Amino acid sequence: MSAGQDGARPAFVDGTLWLDERPRFLIAGEYPYYRDHRGRWAAKLGAMRDAGIEVVTCYVPWRHHEITHDGGRRFCFDRDGNRDLAAFLELIRATGLLALPKPGPFVHAELPFGGLPDRISPTLDPDRHAARSADGRPLPCQQFTLPSALDPRFLEDATGWLRAVGRFLRPFVHPRGPVVAVQIGNEGHYGETALPIDALDYSQPGTDAFARFAPGVDPPTRAEDPPSPNGLLSLVSWAQWSAEALTAGTAKLAEALGPDIPVLTTYSPPARADRVPGRAAGRYDAWLARNRVGAPTALPRAYTSWAGNVLADEEALVNYVLAAKGGRGPNIEENWGLRWADASCAFPVVPVHHTLLGVACGATGINVYPACATAGWGEHLAVDRSWLAETAGDPAQFDPPYGEAAPILVDAGPGPAFAAVQVLTHFLAGQQDVLAVSRPEPGVRWGVHPPYAAIGAWSWARSRRSGGDADRPVPSAGRTLVPFIAHCLRRNLPFQLEELTGRTALDADAGPLVAVSGDFMEQALQQRLARFTEQGGSLLVVGELPHLDENLRSCTDLADAVRRCAAPPGGPARVRAVALGGRPVGTAVEEWLGESSGVPLRAGPGAWLELRRTTTDPEDVLVFLFNRSGGPLRARTTCGERVIAVDLVGDGCAVVRVSHGRLAACYVKGLNEQTGAGVPVRVRVGRDLLNADRPCDLSAVRGPGGFELRTAAAHGEARVLLPEGP
């Protein structure tokens with residue numbers, strides 16, 4: 001569907017929200033209305049508007065709105081305290097805001113049983129099927145077991161809940177009301193977008209569904225080394241089915257809402273190593289396989305960003321960037337207030353850094369989560385304290401207020417982060433048009449190969465048997481993709497992710513392509529890559545050139561193509577194969593790019609990370625700069641013929657928009673609340689110079705009458721000297 005064909009009905013087009021027939025960058029904040037007294041709603045919403053937030057996101061917990069009445073159950077969305085979602089949406093509309101409800105069914109949100117009613121757990125109802133791992137363990141959520149998402153009884157209950165939500169929300173959909181979209185699921189059905197590949201769903205409904213998907217193929221319970229054709233088929237089929245069960249399952253749930261409600265779903269970053277003990281070796285491959293990274297999805301996608309502090313941890317940085325580049329869509333959750341999840345979130349320098357990193361990587365929206373601290377939820381929303389004491393340490397960390405470090409306090413007053421949010425949203429709102437249509441700077445394409453990811457996801461199993469050689473029969477993502485991304489971030493080398501398999505031909509004109517290879521590769525993909533090289537594409541094969549097909553029969557189509565395209569002595573290496581175990585992957589890629597393509601190689605190792613977003617106008621560019629160090633520095637780069645220089649506080653960041661050689665807009669995080677340091681803002685673009693007289697956060701947006709400013713200083717009011725010019 002092209003935007004504009006459906007009147008004023010909102011829609012997501014290529015990951016971007018279209019509203020009133022225009023693309024819109026999502027500037028959102030989470031308000032968990034169900035955790036607050038309804039008497040606080042109006043003041044909190046007014047504070048969100050004053051903070052520059054435009055869209056209110058909110059989970060809609062099933063367990064909160066399902067009540068027992070006259071011996072039966074019904075859904076209550078009005079006339080009952082903080083269950084009055086109708087009144088909440090009316091207040092959102094009256095405040096001039098928009099809404100994006102998130103009804104799950106599973107929402108997590110630090111709620112008992114993830115917001116599901118207790119009654120649907122197999123723990124309480126043994127006739128229900130539990131979601132199970134390959135070794136038969138049920139998938140837990142706090143003190144209960146989660147039902148299989150394929151259990152017919154769960155599907156009946158879940159679709160009944162969503163049909164009720166859809167009927168209720170329909171009158172509130174824009175333009176009649178404030179609702180612009182609805183989120184289905186939460187990082188999958190149960191957060192499985194970051195779970196190991198063998199974590200679910202080996203329930204009876206799951207294995208029955210797999211048998212229909214891949215007749216005659218057994219679900220894998222281990223990875224063979226060396227592989228057999230049957231073993232490969234089992235691993236690949238299971239991963240394909242896992243991805244299909246996720247996308248088709250959430251799409252089926254979305255249908256229950258009805259046809260008139262725009263829907264999106266969410267994906268998570270890869271799991272951190274400490275979150276998947278015993279399975280860490282395959283966590284990146286499992287994430288690639290299940291999420292279909294770099295490929296179109298059945299529903300528009302958003303991502304969440306619970307990866308850790310990227311300022312202090314390279315694993316968090318790589319995982320965050322992977323989530324943001326995994327597919328085009330908004331960042332729907334950025335931690336601004338939950339100290340128990342990450343104590344650093346209480347200092348605005350950290351969530352601002354994260355937020356702008358996501359935007360630089362291509363996010364089509366941002367979310368302050370939560371925007372408001374809340375207190376006043378009932379016992380039915382309180383997590384069991386005895387369970388918390390056993391598993392999560394001090395239960396008091398989950399006591400009210402929820403989001404104690406949020407920008408808006410319980411009484412609706414401004415918290416310490418409020419001014420930082422105001423300055424950030426001022427810049428984002430002022431750049432709505434360019435942010436809605438711009439994309440990350442094109443760069444080298446890393447080819448994601450789902451069958452290899454399907455096998456690599458079992459690296460932990462092969463490692464246990466082979467004494468550590470977890471990279472046979474294919475190189476794992478942990479050994480190839482992860483160091484490649486880390487290298488690109490260190491060297492400011494632009495890159496993107498693209499799935500190698502698909503129906504359309506690989507575009508030889510879209511830029512250089514890197515493909516990981518093992519001793520076997522499907523014949524169809526070998527031929528696809530061979531055609532790519534024959535059409536003039538630049539290809540780097542990392543690993544062993546394949547000599548077998550998917551049935552482990554002789555096939556050398558790709559190896560033959562690489563030999564045919566080999567560079568003449570002294571000539572450019574447009575097509576090359578490099579083995580693993582020699583030079584680091586990132587170094588090999590950069591050397592090859594330097595010889596064979598026009599990908600920008602601005603950087604050497606720098607004290608700052610530089611990323612860019614571009615539009616169809618080559619003279620209109622957003623330059624993002626992130627200080628990697630704890631001390632102040634002056635970041636210098638070029639855009640066309642213009643030199644850009646920005647002073648950055650330790651761990652600070654900035655965005656500079658350069659349009660036709662002039663400073664068009666900028667945002668600078670000049671305060672580091674975590675260290676107490678700051679630097680006066682100084683931004684130069686060619687002859688344009690913007691100066692502030694003291695450390696501050698600053699947004700400057702050029703309009704017809706000159707620059708519009710918003711600043712936040714630790715002491716006093718910052719005065720700004722603006723550049724001259726039209």
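Below you will find a few notes about this structure. (Residues numbered from 1 in each chain as written. Predicted model: local features only at pLDDT ≥ 70, side-chain atom pairs only at ≥ 80, totals over all residues. Heavy atoms only, no water.)

Here's the deal with the layout of surface pockets
Then, number 1: Considering only enclosed or pocket space, the second largest pocket measures out at about 1000 Å³ in volume.
Then, number 2: Asp 14, Gly 294, Arg 328, Arg 439 and Leu 497 are the residues nearest the centre of the second largest pocket, which is lined by 41 residues in total.
Then, number 3: Elements with a minimum of two residues in the lining of the second largest pocket: α8 (314-325), β16 (439-440) and β18 (495-499).
Then, number 4: Looking at which element gives the most residues to the lining of the second largest pocket, the answer is β18, with 5 residues.
Then, number 5: Residue composition of the lining of the second largest pocket, grouped by class: 15 nonpolar, 13 polar and 13 charged. (1 Å grid on protein atoms, 1.4 Å probe; cavity = no way out; pocket = protein on both sides within 12 Å on 5 of 7 lines; lining within 4 Å. Points joined across faces, edges and corners; volume = space filled by probe spheres on them. Helix = DSSP H or I, 4+ residues; strand = E, 2+ residues; numbered from the N terminus. Nonpolar A, V, L, I, M, F, W, Y, C, P; charged D, E, K, R; others polar.)

Quick word on the sheet that holds strand β20 (residues 539-543)
Then, number 1: The strand order across the open sheet formed by 5 strands is β18-β17-β19-β20-β21, and the pairing between neighbours is parallel. Either end of the sheet is taken by a strand with one partner, and the two such strands are β18 and β21 (575-578). Looking at each pair of strands side by side, their axes are set apart by 25° on average, direction ignored.
Then, number 2: Here β20 runs beside β21; their pairing, made up of 4 bridges, is parallel. Counterpart to Leu 540 in the pairing with β21 is Arg 576.
Then, number 3: Packing of helix α15 (residues 481-491) onto the sheet brings it into contact with β17 (444-448) and β18, and relative to β18 it is tilted by some 155°. (Pairing = 2+ DSSP bridges. Axes fitted to C-alpha atoms, helices over the stretch in contact; angles between N-to-C directions. Contact = heavy atoms within 4.5 Å.)

Topic: the nonpolar core
Then, number 1: Formed by 181 residues in total, the largest nonpolar core has its most connected members in Phe 88, Leu 357, Phe 484 and Leu 529.
Then, number 2: The leading source of residues in this core is helix α6 (residues 229-257), at 12 residues.
Then, number 3: Sequence-distant contacts of Leu 357, defined by excluding residues within four places in its chain, comprise Val 310, Leu 317, Tyr 320, Val 321, Leu 609, Leu 611 and Phe 626.
Then, number 4: Ranked by size, the runner-up nonpolar core spans 26 residues in total, among them Trp 608, Cys 639, Leu 663 and Leu 698. (Core = buried A, V, L, I, M, F, W, Y, C linked by side-chain atoms within 4.5 Å. Buried < 20%, exposed > 50% of the residue type's maximum accessible area, 1.4 Å probe, protein only.)

Overview of the pattern of salt bridges
Then, number 1: Within this structure, the stated rule accounts for 44 salt bridges.
Then, number 2: In this structure, Glu 333 engages Lys 102 in a salt bridge whose closest nitrogen and oxygen atoms are separated by 3.6 Å. On the criterion of sequence distance, the pair formed by Glu 333 in strand β14 (residues 331-335) and Lys 102 in strand β8 (residues 98-102) is long-range, its members being 231 residues apart.
Then, number 3: The structure contains a network of salt bridges with shared partners spanning Glu 66, Arg 119, Asp 125, Arg 128, Arg 153 and Asp 157. (Salt bridge = Lys/Arg side-chain N within 4 Å of Asp/Glu carboxyl O.)

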